[in-house]
Amino acid sequence: MDESRFPTVTDDSTSSLRTLRDLFEELVDVPPETREARLAALDLSVSSRAELAAMLAAHQRVSPLWQTNAEDVIHRLREDEFERGQSLVGTRLGSFRLAALIGQGGSSVVFRATREVGDGAQTVALKLLRTGLYAPDQQRSFRREQGILAQLTHANIAHLIEGGVSEAGIPYIAMELVDGVPITVAANARALSLQQRLVWFSTLCRTIEAAHAALIVHRDLKPSNLFITHEGGLKVLDFGIARVLGDDAVAGVTRTQSIALTPEYAAPEQFSSTQITTAVDIFSLGVVLGELLTGKRLGAAASASGAIKTPDEYAVRLPNGLPARSTLARQLEGDLDAILATALAHEPSMRYRNAGALADDIDRYLAGKPVRAHPPSRWYRLRKFIVRHRATVMATGVLLAGILISLALAVWKSVEANHAAQLAGEQATRAESMRRFMFDAFAEAEPATPRKGPPTIFDIVDRAIAKAKTDFSIDPHARLELLARLAEVIGAQGDLTRSASLLADAHAQVLRTFGEADPLAFEIGGLIEANDFQRGNYAAARVRIDALLARVPASSVALRCKLFRDSAGVAARTRDFARALTDIHVALALSEQSGDTELRRASLSDLAAVLLNSGDVPASIEPLKQVLAMNRARFGEESIQVAYILSGLSRAYRRMGDLDSAEEDARAVLAIDRKIYPGDHPILGNHLNALGITLVEKRKLREAHEVLLEAERIYRATLKAGHPDLRFAIQPLAAVEIRMEDYELALPRLREALDIGIATFGEHGFESSADRADYGYALAMTGRRAAGIQELERGITDLQTFEPSDPDMYGRALEKRIRVALLSADPAGAAQRIDRLADIADEVIEQAAYWRGRVDCLRGEIFLALGKPRDASLSLQKAADILGSMKGADPILWVEQPLLMAASAFALGDDAEARSWAAQGRARLARLAFPPQRLTQLEASLPR
């Protein structure tokens, strides 16, 4: 049935949006004696009511089956001829010509069919119901399949093109024609490795997760319904026996007595009267996974490794591309056997709770992480960590030992240099005891020490902390300083909560032992403040900084300078830019008073950062250039200090719109990094991120994606899982994937960023709220609309209440919500939010014109969806005036505005105006890399 025949109907009394098709489905099974009353009660226009009545009347008529060529053949065929289906090839059904038989089942046949569309031809898979209008149950099932396909808009699910009943009463569904082969055949033909097969399977699970999120259970997952296209894309087919969860209970449908499923892939409960849940699809996925990995269909709770090691199975040839039988058995043992056993559990409650959880375990296996299906144990998790980070564990352990030994030696030398002669012997003895402590604490890192595996950096630090807490033979001052430094190391590895606890404990001991005026008390207080800042606890950091500034003596110029710099950083993060600028200028004055070049250099660098964050980007250029000259004079051209400042300049140029200079400096930074760091390093990852973001701004999305993937790899190789800094790698990569509209690829990264944000900043922290809005948007765009909207609304609510506000971030989240409303055919909901977005646009001082142009374009799109083309035209003309006055306008808006103008002119009947705007939009669209799908669809709908 042609969806364009069902215009959107607005019920003015309720402001709800429905379609004639929805109303038809509600009324078609209502008894005739009550249908007229129900129809009269609907708040519809005269034309809409007439069209709906005509549709209901047409459904009741039984047209002669010989009115059209295809129906004539169907009517005359004997049953054996119909089974072959070939007799229908060459006939027509409405506008479709049946070109070839491509499949048939118990109640339907599927043809490749074509029809003329514009100047070309459209090829579809056309599914015909055998029994026509003479089997109400089959018709209802057929309509259910059509409704299910209409709900599923996932990129990996063959989508509905059109469906309905022909004039002669033949039910049909026209679907996307998938040119490919079953997933198992494709994997063997391409000789995929075990890991590559698991990547395909993870994508399959994510696709089924999207269907489940729409409350749809497939019930017949098997390789012949899971196609891989020639380009390598996945397509899930045939929702013919799929069911909407709760459908039976609501509609009162009785179960069919026949089993319309494939027994080899069906869950045990599908052969009984047990209520059907998503667990049946989990079981089928387990069977498919077993077949992918072994070539055999495994039974309930079967062992994959056992299946290929069983003597009578030796004659079975393994799938092409997999290793030898003994090697494959070792790879399957353990994690993969556990995953399969969980998916194939006989009891539904023992299986994975959903397809996403199964995909998560596959992804964890591929990443070398512990899988949730495996029985938990400390040794199992430690072994997985060591396998993933073997080189890093050894390197960081030895490096940490060296750092702390150097600290002990430095204390020893400081004691020798600064204490009076009469105390030198005593202090030297204490320093020697501390040095011995260090060697003893890190003896575990020595290769000769028997152990199960190499220690992690946490193992080493834990041993040192435990010893420092109980060994009172060393100098107490040095012992507490050592505990503070060990807490710093813990924080640097991402465990900020534990670091805060250790620092608080060390600080309390210093206060009890030496008093609050001791320099170490101030120093540890500064470390606690820095920890608060890293955790996003800016209020606590502010209180501590102010308290320290009130107590630190004026003679401690260096410490006061650092505190004012930290104060400026907290103020900038809380958007108190007036205080940030005041405090950083005080820090700069203190650095000049001290005569310490290092303090002045650090203060100038922080001044540039504050200016950048406050939006005064041009003013940040001069201090950055000053620091760059100082760094080059002191450290040379190829130093990390020079790279840092070039990175800041690159960011400033990008914010000013000078993308060529930004890219040039970003590449210069990476050239320096690669000479300094022979391997992976977090700083290298950070600077790759900067280049990637610049490339995104230049719309070089494919190159940006490759650069950001490398940045993410380096971050993951050098930081532990869950480290707060991983967000800086994950978010830009997910952002470019969203721009490329690969929402399925971005979704797990956004979920990980959200989890890290919650762990670091709390459920309602600013960063967590922004992450939640991004995650909700991607979730909605992958077809999980209800869940996505819920997450989006939570993020927006938190961002709205955050003080001080960030209008740009809040505006971006609200714009995503409006975009989802439009995608959900809810222009009224979008209209309710557009005025708030307009208010926010006025608050974004730095990008006011950009936001006003964006709001006017959105408003025009909403008016079009509401059927108000004249209002749309006025808004879009305002957008054109704003965009025309902007330097470097957003390329998406630059294309969108004329296309929407063309649509509004076309709706107003001004064909010449419409064609003029359409030509302008098409010319701009042709120059746009990775145009959004909504723009290409809009362009295709416009007249030429």
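Values in this document were obtained by computation on a predicted structure and should not be read as measured data. (Residues numbered from 1 in each chain as written. Predicted model: local features only at pLDDT ≥ 70, side-chain atom pairs only at ≥ 80, totals over all residues. Heavy atoms only, no water.)

### Quick word on the sheet that holds strand S4 (residues 96-104)
- Strand order across the open sheet formed by six strands is S3-S4-S5-S6-S8-S7, with antiparallel pairing between neighbours. Two strands in the sheet have a free side with no partner beyond their single neighbour: strand S3 (92-93) and strand S7 (160-165).
- Relative to strand S8 (residues 171-176), S7 runs antiparallel, the two sharing five bridges. If you follow Val165 over to S8, its bridge partner there is Pro171. (Pairing = 2+ DSSP bridges. Helix = DSSP H or I, 4+ residues; strand = E, 2+ residues; numbered from the N terminus.)

### Here we look at the packing of helix H34 (residues 785-801) against helix H35 (residues 807-823)
- Where H34 meets H35, the axes come as close as 10 Å, and the angle between the chain directions of the two elements is 155°. Judged by the angle between their axes, H34 and H35 are roughly antiparallel. When the axes of H34 and H35 are compared, the crossing they make is left-handed. Along the contact surface, H34 presents Arg785, Ile789, Leu792, Glu793, Ile796, Leu799 and Gln800, while H35 presents Met809, Tyr810, Ala813, Leu814, Lys816, Arg817, Val820 and Leu823.
- Here the contact of H34 with H35 is composed, by residue class, of ten nonpolar, one polar and four charged. (Axes fitted to C-alpha atoms, helices over the stretch in contact; angles between N-to-C directions. Parallel < 35°, antiparallel > 145°, perpendicular 65-115°, else oblique. Left-handed = near helix turned anticlockwise from the far one by under 90°. Contact = heavy atoms within 4.5 Å. Nonpolar A, V, L, I, M, F, W, Y, C, P; charged D, E, K, R; others polar.)

### Describing the pairing of strand S5 (residues 108-117)
- Where S4 meets S5, six bridges bridge the pair, whose relative direction is antiparallel. Bridged to Arg97 within S5 is Thr114.
- Pairing geometry for S5 and strand S6 (residues 120-129), over ten bridges, is antiparallel. In the sheet register, Arg115 faces S6, and the bridge partner there is Gln122.
- In sequence, S5 turns back onto S6 through a hairpin of two residues, with Gly118 there showing a positive phi of about 60°.

### Some points on the sheet that holds strand S9 (residues 180-182)
- Strand order across the open sheet formed by three strands is S9-S11-S12, with antiparallel pairing between neighbours. Two strands close off the open sheet at either side, each with one partner strand: S9 and strand S12 (234-236). With strand direction ignored, the average angle separating the axes of adjacent strands in the sheet is 35°.
- Where S9 and strand S11 (residues 226-229) come together, three bridges link them in antiparallel fashion. Note on S11: the bridge partner recorded for Gly180 is Thr229.
- In this fold helix H8 (residues 194-213) packs onto S11 and S12, with an angle of close to 40° to the strand it touches most, S12.

### A closer look at the pattern of salt bridges
- Taken as a whole, this structure holds 48 salt bridges when the rule is applied.
- Between Arg206 and Asp363 there is a salt bridge, with the nearest N and O atoms lying 3.0 Å from each other. Placement of Arg206 in helix H8 and of Asp363 in helix H14 (residues 355-366) is noted, with a sequence separation of 157 residues between them.
- Notably, a salt bridge pairs Lys878 with Asp856, separated by 4.0 Å at the nearest N-O pair. Of this pair, Lys878 sits in helix H38 (residues 869-885) while Asp856 sits in helix H37 (residues 848-865), and the two are 22 residues apart along the sequence.
- When salt bridges with common partners are traced through the structure, they connect Arg206, Glu209, Asp360, Asp363, Glu744 and Arg784 into a single cluster. (Salt bridge = Lys/Arg side-chain N within 4 Å of Asp/Glu carboxyl O.)

### Quick look at the pairing of S11
- Alternating positions in S11 separate into two faces, Leu226 and Ile228 on one and Phe227 and Thr229 on the other, with burial throughout.
- Two strands pair when backbone bridges link them, and S11 and S12 are joined in this way by three bridges, in the antiparallel orientation. Looking at the pairing, Leu226 lines up with Val236 of S12.
- The antiparallel hairpin formed by S11 and S12 contains four residues in its connecting segment, where Gly232 sits at a positive phi of about 95°. (Buried < 20%, exposed > 50% of the residue type's maximum accessible area, 1.4 Å probe, protein only.)

### A word on helix H22 (residues 538-551)
- Here H22 is 14 residues long and its end C-alpha atoms lie 20 Å apart, about the 20 Å a rise of 1.5 Å per residue gives.
- Structurally, H22 contributes buried residues whose contacts are with helix H21 (519-534), helix H23 (557-573), helix H24 (577-594) and helix H33 (766-781). (Expected span 1.5 Å × (residues − 1).)

### Some words on the packing of helix H13 (residues 335-343) against H14
- Where H13 meets H14, the axes come as close as 11 Å, and the angle between the chain directions of the two elements is 175°. Here H14 runs roughly antiparallel to H13, going by the angle between their axes. Across the interface between the two elements, Asp335, Leu336 and Ile339 of H13 pack against Leu358, Asp361, Ile362 and Tyr365 of H14.
- Looking at the contact of H13 with H14 residue by residue, the class counts come to five nonpolar, no polar and two charged.

### Points about helix H27 (residues 640-656)
- Helix length check: H27, at 17 residues, gives a terminal C-alpha distance of 24 Å against a target of 24 Å (1.5 Å per residue), a fit within 8%.
- Among the residues of H27, those classed as buried are Ile640, Val642, Ala643, Ile645, Leu646, Ser647, Gly648, Leu649, Ser650, Ala652 and Tyr653.
- A positive backbone phi angle near 90° is found at Gly657, which sits one or two residues after H27.

### A look at the nonpolar core
- Residues Leu194, Phe201, Leu204, Leu285 and Ile339 are the most contacted members of the largest nonpolar core, which totals 52 residues.
- When neighbours within four sequence positions are excluded, Phe201 is seen to be in contact with Leu285, Leu289, Leu292, Leu358 and Ile362.
- Counting 46 residues, the second largest nonpolar core, distinct from the first, contains Ile545, Leu649, Ala662 and Ile683. (Core = buried A, V, L, I, M, F, W, Y, C linked by side-chain atoms within 4.5 Å.)

### A short note on the side chain of Ser202
- You can see Ser202 is positioned in helix H8.
- Assessed through its relative accessible area of 7%, Ser202 is described here as buried.
- The contacts of Ser202, once residues within four sequence positions are left out, are Ala359, Ile362 and Asp363.

### Examining the packing of aromatic side chains
- Per the stated rule, a full pass over the model turns up two aromatic pairs.
- Judged by centre distance (6.1 Å) and plane angle (85°), the rings of Tyr743 and Tyr777 are edge-to-face. With Tyr743 in helix H32 (residues 743-761) and Tyr777 in helix H33, the pair connects residues that are 34 residues apart, well separated along the chain. In this structure, Tyr743 and Tyr777 share a single accessibility class: buried. (Phe/Tyr/Trp six-rings, centres within 6.5 Å; stacked < 30°, edge-to-face > 60°.)

### Observations regarding the environment of Ile170
- Along the chain, Ile170 turns up in the loop between S7 and S8.
- Its relative accessible area of 3% is what places Ile170 among the buried residues.
- In the structure, Ile170 is positioned 42 residues away from Leu128 in sequence and 7.2 Å away in space, judged by C-alpha atoms.

### Things to note about unusual backbone geometry
- In this structure, Arg219 takes a positive phi of about 75° despite not being glycine.
- Within the fold, Arg219 resides in the loop between strand S10 (216-217) and S11.
- Positive phi is not limited to glycine here, since Ala825 has a value of about 55°.
- Note that Ala825 resides in the loop between H35 and helix H36 (827-843).

### Details of the environment of Ala121
- Note on placement: Ala121 falls in strand S6.
- The exposure class of Ala121 is exposed, given its relative accessible area of 59%.
- Aside from chain neighbours lying at most four places away, what touches Ala121 is Arg115 and Glu116.

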